[in-house]
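Single-letter residue listing:
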Amino acid sequence: MIGGFGVWELLIILVIVLVIFGAKKLPEIGGGIGKAISNFKKATSEPDEIDVTPKSTPSDDEKKKDS
């Protein structure tokens, strides 16, 4: 029993999904959901803000000293 559903209920749901989407479409749907989940996990593990300030190069530092 998974989440209150028995084996027969899960089989009925699987048959209904197969009838609605078809057997060929299910792998595409699964792949899309998998990519969405992995992108969500990647986005949540990245830093909150992206630093967009330009990095100073050695030539920029030398120009500031000369001025």
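Before reading on, note that the structure itself is shown above.
These numbers come from a predicted model, not from an experiment.

**Student:** Describe the pattern of salt bridges, listing the residues and the values that go with them.
**Tutor:** For the coordinates displayed, the defined rule picks out one salt bridge. For lysine 25, the salt bridge goes to glutamate 28, with nearest N and O atoms at 3.5 Å. Within this pair, lysine 25 and its partner glutamate 28 are both found in helix H2 (residues 25-45), separated by three residues, close to a single helical turn. Look at glutamate 28 and you get exposed, because its relative accessible area is 53%.

**Student:** Tell me what's going on with helix H1 (residues 7-21), and back it up with residues and numbers.
**Tutor:** Its 15 residues give H1 an end-to-end C-alpha distance of 21 Å, which sits within 8% of 21 Å, the value for a rise of 1.5 Å per residue. The positive-phi residue at the C-terminal boundary of H1 is glycine 22, with phi of around 90 degrees.

**Student:** Go over the packing of H1 against H2, please, and point to the residues and values.
**Tutor:** Relative to each other, H1 and H2 sit at 105 degrees, their axes nearing to 9 Å. Judged by the angle between their axes, H1 and H2 are roughly perpendicular. Judged by residue contacts, Val17, Leu18 and Phe21 of H1 engage Lys25, Leu26 and Ile29 from H2. Partitioned by chemical class, the residues of the contact of H1 with H2 number five nonpolar, no polar and one charged.

Thresholds, definitions, all that
- The written sequence of each chain sets the order in which its residues are numbered from 1.
- Under the rules for a predicted model, residues below a pLDDT of 70 receive no local features and side-chain atom pairs below 80 are neither given nor counted, while totals for whole chains, interfaces and linings still include all residues.
- Neither water nor hydrogens contribute to the side-chain values; these are computed over all heavy atoms in the structure.
- Salt bridge, as used here, is a side-chain nitrogen of Lys or Arg placed within 4 Å of a carboxyl oxygen of Asp or Glu.
- Only DSSP runs of H or I reaching four residues or more are called helices, and only runs of E reaching two or more are called strands; each is numbered from the N terminus.
- Each residue's exposure class comes from its accessible area (1.4 Å probe, protein chains only) as a fraction of the maximum for that residue type: buried when under 20%, exposed when over 50%, partly exposed otherwise.
- One fewer than the residue count of a helix, multiplied by 1.5 Å, yields its expected span.
- Working convention: axes come from line fits to C-alpha atoms, limited for helices to the stretch in contact. Angles between N-to-C directions cover 0 to 180 degrees.
- Note on angle classes: values under 35 degrees are labelled roughly parallel, values over 145 roughly antiparallel, values of 65 to 115 roughly perpendicular, and the remainder oblique.
- Contacts are residue-level and defined by heavy atoms, with any inter-residue pair within 4.5 Å sufficient.
- Any residue outside Ala, Val, Leu, Ile, Met, Phe, Trp, Tyr, Cys, Pro, Asp, Glu, Lys and Arg is labelled polar, Gly included; the first ten of those are nonpolar and the last four are charged.

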